[in-house]
Each structure stands twice: as C-alpha cells, then as structure tokens.
Amino acid sequence: MTTNDGLEKLRGWFTGRLPDEWFEGAPEVVLDREEISVIGRLAEPKAADGASAAERSGVIAGHVQRFREDTRERRVDIAREAEHRFGRKVSWGVRCGDETTMFTQLSVPVMTRLRQSERRVLDTLVDAGVARSRSDALAWCVRLVGKNADDWLAELRDALQHVERARAAGPQV
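Residues numbered from 1 in each chain as written. Predicted model: local features only at pLDDT ≥ 70, side-chain atom pairs only at ≥ 80, totals over all residues. Heavy atoms only, no water.

The subject of this paragraph is the packing of aromatic side chains. Considering all chains together, one arrives at eight aromatic pairs under this definition. Each ring, one from Trp13 and one from Phe86, has its centre 5.4 Å from the other, and the planes form 80°; the classification is edge-to-face. Of the two residues, Trp13 is situated in helix 1 (residues 4-17) and Phe86 in helix 2 (residues 53-86); the sequence distance between them amounts to 73 residues. Pair check on accessibility: Trp13 and Phe86 agree, each one buried. With a centroid separation of 5.8 Å and an interplanar angle of 85°, the aromatic rings of Trp22 and Phe67 are classed as edge-to-face. Of this pair, Trp22 sits in the loop between helix 1 and strand 1 (28-31) while Phe67 sits in helix 2, placing them 45 residues apart in sequence. (Phe/Tyr/Trp six-rings, centres within 6.5 Å; stacked < 30°, edge-to-face > 60°. Helix = DSSP H or I, 4+ residues; strand = E, 2+ residues; numbered from the N terminus. Buried < 20%, exposed > 50% of the residue type's maximum accessible area, 1.4 Å probe, protein only.)

This is how it looks when you write it as structure tokens:
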C-alpha cells in the first residue's frame, strides 16, 4: 500500500474515522513500510494579550499535553483498529502554532554496511560527543540530510509515485 491511491485511501479512512472536533481539517498521514503517522493540526489556544514568546510556547505545550491525555483512550482504540486493518503500527502527533509534537513513533533498526571512511565519520561524531553511539551518529546524519535536502527528497518522492503508478498500470505477473 505504498501507491498514491493506497495513501489516499488510508488518509480517507483516518479522516472519516477520527472525531471531527479533534483537528482543524484533515490530518496529515505519512506512510512507510512499518508505520503510519497521523499528524493533526490543533486550534491554537488563546494567550493573554501581550504574552511573551515563552508564555505562548507554554500555552501551546499545555494545550498539546491536554489533548494528548484527553484523547489517549480513543487514539489507542483507533490505532488498534488501523493496525489490524492496514498491518502497520500507528503513531500520533499534532501541530499547534509553529510546533510539531509526536506522541509516539517507532524506532526501527536498519542494517547497513559501511566502509572504513564512512565508519570514521560516525566514530568522529561519537568521539566529539555529538552522538552516543554509531547508531545515534547514523540517525543524526540521516536527519541532517533530510533537513538540508527537503526539496530534493520531495522531488524524488514525487518521481517514485509516478513509477509506482506506472508499475500498477502494467501487466501483473
């Protein structure tokens, strides 16, 4: 279910399944091989007139925490239903103001083979205290590339969707 059509069906299912009062508009649904992430936009709470940036940040943090606690039981029920239906774990998050908070996320081990020069990059990050382990260093590198290559990665994902549609339209062997 990695085709655009599959993602749209998934997004539609969550949009229809989630209570209308939870989010402003349809949630963002992100899919990979192991996980479905559902990220909804919360209405931004009112802060006092003239509130500082720190106070506004605190108001948003409290609002997000209240939403998390108040919806936990229903989110767990919906996640179980989706996990059974779609065969992937479900993680939850919200956007409020300029903040995005993920409540749950999988941490999936990934195997890779690295040459000495590549291992030395990871070891340098560990030795410098940037990461606790080679695994953390590799995750740090992936986040850095993702942050600095967003446009390129978005273009690549778009191209992959075209490939998936072409495959789906082709003969089935």
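On we go.
For Thr100, the location among the structural elements is in strand 4 (residues 99-102). C-alpha separation for the pair Thr100 and Ile39, spaced 61 residues apart in sequence, amounts to 8.5 Å. Apart from residues lying up to four places away in sequence, Thr100 is in contact with Val94 and Arg95. One polar contact links Thr100 to Arg95, side chain to side chain, over a distance of 3.1 Å. (Contact = heavy atoms within 4.5 Å. Polar contact = N/O pair within 3.5 Å; in protein donor to acceptor, adjacent residues only side chain to side chain.)

We now examine a negative patch on the surface. Residues Glu24, Glu44, Asp98 and Glu99 make up a contiguous surface patch of negative charge. Within the element layout of this structure, Asp98 appears in the loop between strand 3 (89-96) and strand 4. Residue Asp98 is classed as exposed on the basis of its relative accessible area, which comes to 81%. (Patch = residues over 30% accessible without salt bridge, like charges linked within 9 Å, V, L, I, M, F, W, Y side chains within 5 Å. Areas by Shrake-Rupley, 256 points an atom, 1.4 Å probe, with all protein chains shown as cover. Salt bridge = Lys/Arg side-chain N within 4 Å of Asp/Glu carboxyl O. Lys, Arg positive; Asp, Glu negative; His and termini not counted. Charge placed at Lys NZ, Arg CZ, Asp CG, Glu CD.)

Quick look at the pattern of salt bridges now. Pairs can form between side chains of opposite charge once their charged atoms are near each other. Using the criterion set out here, one finds six salt bridges in the structure. Asp77 is the salt-bridge partner of Arg80, the closest N and O atoms lying 4.0 Å from each other. Of this pair, Arg80 and Asp77 both sit in helix 2, three residues apart, which is roughly one turn of that helix. Judged by its relative accessible area of 40%, Asp77 is partly exposed. Across the pair Arg132 and Asp136 runs a salt bridge, and its minimum N-O distance is 3.1 Å. Owing to a relative accessible area of 24%, Asp136 belongs among the partly exposed residues under this scheme.

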